[in-house]
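Spelled out, the chains give:
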Amino acid sequence: MDKEWSEKNKVFQKLISKEATFKDGIKMLLELRASVFEQITQIVNGYPEKAFYEMPFAGAGGYHSKTLAYSIWHIFRIEDIVCHTLILQDKQILERGNWQKKTGADIITTGNELAGQKIAEFSQKLDVKSLYEYAKAVMDSTNEFLQSVDYSMLKNKFIEEDRNRVAECGGVSTDENAVWLIDYWCGKDVKSLLKMPFSRHWIMHVEAMRRIKNELCKRSRKGVDPIAYCGFSCNHCFLSQWCGSCRTEYNTCSFATCSPDGICPNTKCCKENGFDGCWECPEIESCTKGFYTPECDGANAAKAQALYIRKYGKKEFLKLQERLHAKYEFSKTQEILGQDIFEGLKILEEN
């Protein structure tokens, strides 16, 4: 489990156990949910459409055997049902916003009954952007509920009437792989539901999503030039598990994700000018595009590496990267190359 998420989850559970610290616990839970949801946001904004229905771990045991799209649907259908049908006894967000039609979903259940190819087929039908908006609407609604929860409500339990209401809403399949959810939820009190599914359930599935996207990125880079257009080595980048390289459709480097069109300015410029990389550009020293933006603390380190490639070639550059990582302990090249282009180049040449 992600260390930061795990720690926040532990603290939140401890804090809500006492009335004096209950509100602090809710605050911690909201912070945890925001942090985990940010991962979903980055995945939705950064990866190509096909990534959401591919199953790189099909047949494996565990949540990572699903798809990215299924994971999002599953997390927030469960939360929608538990928060609104079970606890608040009002309309689900799915119904209020006509989200089934918007997302293209052919089910309204949690999806527990689906397996194998059926998960992939279901995922391919979903409109990911609408699915994300549905997820956000559910999260916002649940957060509003969490902010209104009083400590005295934590021990509230559920009765047969509640169980019947959940069974009748259609959100849980009668399949044996799904129907157990009703007994599971209704056998808990409100305090337990805050822990599962409103926190830990998120963590488990989003960590599975991380594993899925990491594998997709790894596969996308196979056989692809490992040197980014700007001069970084994708093999040695601290974002290597997150990004599939700017030479693939899994381009999720920093400047790609913050660019309106989802393409890093360095990548766009090189493609438009027919350059293999920025090292082929005669204006590299004065360039301020993408990673070369003056405000970027790694700008000059990136330029220094591009200049090294210009002088010595990409093969020698990759050998140099191996030597640097064997000699120094660093995650970002600016940590050893500094902030001056030519001083950085000199350091590279001396190694």
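Details of the structure are given in the entry above.
Residues numbered from 1 in each chain as written. Predicted model: local features only at pLDDT ≥ 70, side-chain atom pairs only at ≥ 80, totals over all residues. Heavy atoms only, no water.

Asker: Can you tell me about the pattern of salt bridges, naming the residues and giving the values?
Answerer: Enumeration over the complete set of coordinates arrives at 20 salt bridges. Among the ionic contacts, a cluster of salt bridges with common partners joins Asp-225, Arg-247, Asp-276 and Lys-314. (Salt bridge = Lys/Arg side-chain N within 4 Å of Asp/Glu carboxyl O.)

Asker: Outline the packing of helix H3 (residues 68-88) against helix H8 (residues 160-168), listing residues and values.
Answerer: Taken N-terminus to C-terminus, the directions of H3 and H8 make an angle of 130 degrees; their axes are 9 Å apart at the nearest point. Classed by the angle they form, the pair H3 and H8 counts as oblique. Along this stretch, H3 crosses H8, giving a crossing that reads as right-handed. Contact residues: Ile-81, Thr-85 and Leu-86 in H3; Asp-162, Arg-165 and Val-166 in H8. Taken together, the residues that form the contact of H3 with H8 break down as three nonpolar, one polar and two charged. (Axes fitted to C-alpha atoms, helices over the stretch in contact; angles between N-to-C directions. Helix = DSSP H or I, 4+ residues; strand = E, 2+ residues; numbered from the N terminus. Parallel < 35°, antiparallel > 145°, perpendicular 65-115°, else oblique. Left-handed = near helix turned anticlockwise from the far one by under 90°. Contact = heavy atoms within 4.5 Å. Nonpolar A, V, L, I, M, F, W, Y, C, P; charged D, E, K, R; others polar.)

Asker: Describe the side chain of Thr-109, and please don't skip the residues or the numbers.
Answerer: Position of Thr-109 relative to the elements: it lies in the loop between helix H5 (99-103) and helix H6 (117-125). Judged by its relative accessible area of 10%, Thr-109 falls in the buried class. Polar side-chain contacts of Thr-109 include one of 2.6 Å to the side chain of Glu-113. Among all residues touching Thr-109, those that are not within four sequence positions of it are Trp-73, Arg-77, Gly-170, Gly-171, Val-172 and Ser-173. (Buried < 20%, exposed > 50% of the residue type's maximum accessible area, 1.4 Å probe, protein only. Polar contact = N/O pair within 3.5 Å; in protein donor to acceptor, adjacent residues only side chain to side chain.)

Asker: Residues and numbers for the environment of Gly-170, please.
Answerer: Inspection of the secondary structure assignment puts Gly-170 in the loop between H8 and helix H9 (180-186). As for Gly-170 and Ile-108, which are separated by 62 residues in sequence, their C-alpha atoms are 7.0 Å apart. Not counting residues within four places of it along the chain, the set of residues in contact with Gly-170 comprises Ile-108 and Thr-109.

Asker: Which residues make up the packing of aromatic side chains, and what values do they have?
Answerer: According to the stated counting rule, one finds 16 aromatic pairs in the structure shown. Ring geometry for Tyr-47 against Trp-242: centres 6.0 Å apart, planes inclined by 65 degrees, an arrangement best described as edge-to-face. In this pair, Tyr-47 sits in the loop between helix H2 (22-46) and H3 while Trp-242 sits in the loop between helix H11 (200-221) and helix H12 (254-257), placing the two residues 195 residues apart along the sequence. Look at Tyr-47 and you get buried, because its relative accessible area is 7%. Among the residues examined, Trp-242 registers a relative accessible area of 12% and is labelled buried. (Phe/Tyr/Trp six-rings, centres within 6.5 Å; stacked < 30°, edge-to-face > 60°.)

Asker: Can you break down the environment of Arg-163 residue by residue, with the values?
Answerer: Along the polypeptide, Arg-163 turns up in helix H8. Sequence-wise, Arg-163 and Ile-182 are 19 residues apart; in three dimensions their C-alpha atoms are separated by 6.5 Å. Apart from residues no more than four positions distant in its own chain, Arg-163 is found in contact with Ile-182, Asp-183 and Cys-186.

In short, the description is geometric, and any link to function would need to be established separately.
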